[in-house]
Amino acid sequence: QVQLVESGGGLVQPGGSLRLSCVASGSIFSIYGMRWYREAPGKQRELVAAIHSGGSTNYADSVKGRFTISRDNAKNTVYLQMNSLKPEDTAVYYCNVDVQEGSGLVPFDYWGQGTQVTVAS
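Residues numbered from 1 in each chain as written. Predicted model: local features only at pLDDT ≥ 70, side-chain atom pairs only at ≥ 80, totals over all residues. Heavy atoms only, no water.

J.: Even after reading the chapter, I still don't get the sheet that holds strand β7 (residues 67-72), so can you show me in this structure?
T.: The strands that make up a sheet are held in pairs by hydrogen bonds between backbone atoms, and each pair lies either parallel or antiparallel. Spatially, the four strands line up as an open sheet ordered β1-β3-β8-β7, and their pairing is antiparallel. Two strands in the sheet have a free side with no partner beyond their single neighbour: β1 (2-7) and β7. Between one strand and the next, the sheet's axes are offset by a mean angle of 15°, whatever the strand orientation. As judged from the six bridges shared by strand β3 (residues 18-26) and strand β8 (residues 77-82), these two strands associate in the antiparallel manner. The partner of Leu18 across the bridge, within β8, is Met82. (Pairing = 2+ DSSP bridges. Helix = DSSP H or I, 4+ residues; strand = E, 2+ residues; numbered from the N terminus. Axes fitted to C-alpha atoms, helices over the stretch in contact; angles between N-to-C directions.)

Written as structure tokens, this is what we have:
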């Protein structure tokens with residue numbers, strides 16, 4: 001089994017910054033794609049940013065230029081640096097990670113428990 005623990009959420013004023021972290025632990029042989037999603041009240045969960053095993057990244061148009069996803073493979077951790085935050089960024093943020101638990105096994109994607117980000121003055 002694999003556990004994902006997120007941290008770094010909170011209340012911030014518009015224009016402020018937060019850094020989210022997601023640490024994977026447990027039965028990990030290799031980690032592939034790592035992603036951040038968010039879910040606002042009354043809205044569908046949406047992909048915010050993704051980072052592939054080779055380091056390439058993708059972002060939702062709404063966060064391009066403001067958010068940066070990164071990973072530390074030695075620590076099995078993915079980060080989301082969020083700058084110039086807007087009220088519309090308010091949501092529960094979830095990490096989603098593809099984990100291979102043993103050699104030859106098919107990777108399985110795991111979800112974190114979510115961390116609340118609230119942008120308000």
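J.: Please explain the side chain of Arg38 as it appears in this structure.
T.: Tracing the backbone shows Arg38 in strand β4 (residues 30-39). Residue Arg38 is classed as buried on the basis of its relative accessible area of 6%. Polar side-chain contacts of Arg38 include one of 3.4 Å to the side chain of Ser62. At a separation of 3.0 Å, a polar atom in the side chain of Arg38 contacts the side chain of Tyr93. Leave out the neighbours within four places in its chain, and Arg38 touches Gln44, Arg45, Glu46, Val48, Ser62, Val63, Phe67, Glu88, Asp89, Ala91, Val92 and Tyr93. (Buried < 20%, exposed > 50% of the residue type's maximum accessible area, 1.4 Å probe, protein only. Polar contact = N/O pair within 3.5 Å; in protein donor to acceptor, adjacent residues only side chain to side chain. Contact = heavy atoms within 4.5 Å.)

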